[in-house]
Amino acid sequence: MSSNAHANPRYAGIVVDLENGEVLYAENADARRYPASLTKMMTLYLAFEALEDGTLRLDQALPVSRYAAAKPAVKLWLAAGSSIPVDTAIRALAVRSANDVAAVVAEALGGSEVRFAQMMTTKARELGMHATTFRNASGLPDNAQVTTARDMLTLSVRVMQDFPQYYHYFGLQEFTYRGKRYTSHNRLVSDYPGADGLKTGFIRASGFNVATTAKQGGRRLVGVVMGGFSSQSRDTHMADLLNRSFMRADLRDQGTWLADANFSREFMRFGQPQVSEPVEPAPAAHSPQLLASLETSVNTAQGSRADINAFETPIIERNDPLRALIERETTLPDPPAAGTWGIQVGAFSYIDQAQQFARLAAERLPHEMNGRIAVDTLDSQRSLFRARLMALQEGQARQACQQLKAQGMDCMVVNASL
């Protein structure tokens, strides 16, 4: 496990390709964690079930009890004896993450929050979330309310798969109630290209959690990050995981080791989104392989964790000194004996993508296998930049490539003299 992951004992993360169920990244994915307000995804799942079976209607008014009104913030400050429409309640849970509203829904569907939590846990077992236990509908602190990143990802997928007609609620960025405008905590939906849901969460015991899905170029990924030090570092880390996972999946699809030349530059620049394709609703059905793979295997992506850990992985910006350093082809400390061999970790449409991947490979390897970061142009119909570590002996290159593959990073051995 990486040193930063050791430094953050609350951390867990997982990213999966929704189409085929491939786990592209996993770190502590099966370790017990506190879900915080990710819990509300299950509250909403049961609410959607009730809408489908006729137990609830979107225009139905739900009564607010003293118990619900007394829930601590974050809340809508509902008054005991008042009521709230189901549609508004769903918006309040998805956007505001209102704890008093969660209790209102729990009492409406379960009679009491205790009974509703039992219903939530039973449903979790039905969905294959075998490590999850719910004790309340909101995610407020309870030592017995636990889950895993894998279980939260399973829930995220099932929300999209089972209720595509209601999934749009998870992408809302604001709603208005009694003249007051509430905005979403989930800034990834507005800031990360292709992201269109799901949910954030925080309590002191959990750190900052988020479940996110994004679609780029016809590929949809779903990710969960738990234990962030702050909402900003959590979001930056999730964006970085998605960036790398999209690249990893694209490389896996390309038999020529070339990333998709249409891979857009803004995918590498979180926080500066540009115009992208219209966001589509989550598909109504997905590969049946997905949930089975979530339950049975972490896949070889366990190894991809070495550089992607406690939310502090840098993203190279245009004016970043690190970028300038790399563009001058800065040489890492010379290996014991330079050679003509090296390793290639991909070829990309943009130089910053190639530089970041080459740097990433160098950071994963011990000093004697680092070689020299080299990004050169591959002649073709369009310019493609090869990300390489060169100036190695043949044995060093082959050993370095084996180590990277063991960590889940694709590579191939190359000889510059050929």
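A. Structural view of the overall build of the chain. Tallying secondary structure elements over the chain gives 13 helices and 13 strands in all. Every one of the 418 residues in the chain was classed for burial, and the buried ones make up 58%. For the chain, long-range pairs separated by at least 24 residues make up 70% of all intrachain contacts whose partners lie at least 6 apart in sequence. About 16,800 Å² of surface is accessible on the chain, with carbon and sulfur atoms providing 50% of the total.

B. Up close: the pattern of salt bridges. Within this structure, the stated rule accounts for 14 salt bridges. In this structure, R181 and E174 form a salt bridge, with 2.9 Å as the shortest nitrogen-oxygen distance. Residue E174 is classed as partly exposed on the basis of its relative accessible area, which comes to 38%. Look at the salt bridges and you will find they share partners, linking E49, K123 and E126 into a network.

C. A look at the state of the cysteines. Counted under the stated rule, the structure contains 1 disulfide. Between C401 and C411 runs a disulfide, and the two sulfur atoms are separated by 2.0 Å. The S-S bond linking C401 to C411 shows a torsion near 125°; that makes this disulfide right-handed. Separated by 10 residues along the polypeptide, C401 in helix α13 (residues 394–406) and C411 in the loop between α13 and β13 (412–415) bring together distant segments of the chain. Residues C401 and C411 agree in their burial class; the two are buried.

D. The confidence of the model for the chain, seen in detail. Confidence in the prediction of the chain, expressed as mean pLDDT, is 79, and 74% of residues score 70 or more. Predicted confidence is poor over residues 255–288, with pLDDT under 50, and the contacts of this stretch with residues over four places away or in other chains come to 91 contacts.

E. Looking closely at the sheet that holds strand β7 (residues 195–203). Spatially, the 5 strands line up as an open sheet ordered β2-β1-β9-β8-β7, and their pairing is antiparallel. Two strands lie at the open edges of the sheet, namely β2 (23–27) and β7, each paired on one side alone. Neighbour-to-neighbour, the strand axes of this sheet turn through a mean angle of 5°, independent of strand direction. In the sheet, β7 pairs with strand β8 (residues 207–216) via 8 bridges, with the strands oriented antiparallel. Looking at β8, one finds that F202 is bridged to F208. Together, β1 (12–17), β7, β8 and β9 (219–228) form the strand contacts of helix α7 (residues 149–162), whose direction differs from that of β9 by roughly 140°.

F. Looking closely at the packing of helix α2 (residues 39–53) against helix α6 (residues 113–126). At a minimum axis separation of 10 Å, α2 and α6 run at an interaxial angle of 90°. Taken together, the axes of α2 and α6 lie roughly perpendicular to each other. Seen from α2, the contacting residues are T39, M42, T43, Y45, L46 and E49; seen from α6, they are F116, M119, M120, K123 and A124. The class makeup of the residues in the contact of α2 with α6 is 7 nonpolar, 2 polar and 2 charged.

G. Quick peek at the nonpolar core. Counting residues in hydrophobic clusters, the biggest one holds 68 residues, and the most contacted among them are I14, M42, F48, L76, I84, V101 and L155. If you tally residues by element for this core, the top one is α2, at 9 residues. Aside from chain neighbours lying at most four places away, what touches F48 is I90, F163, Y166, Y169 and F170.

H. Structural context of the packing of helix α4 (residues 86–96) against helix α5 (residues 99–110). Interaxial distance between α4 and α5 falls to 9 Å at its minimum, and their mutual angle equals 135°. Regarding the angle of α4 to α5, the classification is oblique. Considering the relative orientation of α4 and α5, their crossing is left-handed. Each of A89, A92 and L93 in α4 lies in contact with α5, whose residues at this interface are V101, A102 and V105. By residue class, the composition of the contact of α4 with α5 is 6 nonpolar, no polar and no charged.

I. Structural context of the side chain of E113. Its place among the elements puts E113 in helix α6. Given the relative accessible area of 4%, E113 is considered buried. With near-sequence residues (within four places) excluded, E113 lies in contact with Y67, K71, A106, E107, N136, A137 and S138.

J. How the structure looks around the pairing of β2. For β2, a buried count of 5 out of 5 residues is recorded, marking the element as mostly surrounded by other parts of the structure. By the bridge criterion, 4 bridges tie β1 to β2 in an arrangement that is antiparallel. Bridge pairing in β2 places I14 opposite A26. What sits between the antiparallel neighbours β1 and β2 is a turn of 5 residues, in which G21 has the positive phi angle 80°.

K. Here's a closer look at helix α12 (residues 351–364). Under the 1.5 Å per step criterion, the end-to-end length of α12 is 20 Å for 14 residues, consistent within 8% with the ideal 20 Å. A large share of α12 lies buried, amounting to 11 of its 14 residues. Among all positions of α12, only D352, Q353, A354, Q355, Q356, F357, A358, L360, A361, A362 and R364 are buried.

L. Spatial organisation of the side chain of T39. Relative to the elements of secondary structure, T39 occurs in helix α2. Among the polar contacts made by the side chain of T39, one reaches the side chain of Q145 at a distance of 3.1 Å.

What counts as what
Residues numbered from 1 in each chain as written. Predicted model: local features only at pLDDT ≥ 70, side-chain atom pairs only at ≥ 80, totals over all residues. Heavy atoms only, no water. Helix = DSSP H or I, 4+ residues; strand = E, 2+ residues; numbered from the N terminus. Buried < 20%, exposed > 50% of the residue type's maximum accessible area, 1.4 Å probe, protein only. Contact = heavy atoms within 4.5 Å. Areas by Shrake-Rupley, 256 points an atom, 1.4 Å probe, with all protein chains shown as cover. Salt bridge = Lys/Arg side-chain N within 4 Å of Asp/Glu carboxyl O. Disulfide = S-S within 2.5 Å. pLDDT = per-residue confidence, 0-100. Pairing = 2+ DSSP bridges. Axes fitted to C-alpha atoms, helices over the stretch in contact; angles between N-to-C directions. Parallel < 35°, antiparallel > 145°, perpendicular 65-115°, else oblique. Nonpolar A, V, L, I, M, F, W, Y, C, P; charged D, E, K, R; others polar. Core = buried A, V, L, I, M, F, W, Y, C linked by side-chain atoms within 4.5 Å. Left-handed = near helix turned anticlockwise from the far one by under 90°. Expected span 1.5 Å × (residues − 1). Polar contact = N/O pair within 3.5 Å; in protein donor to acceptor, adjacent residues only side chain to side chain.

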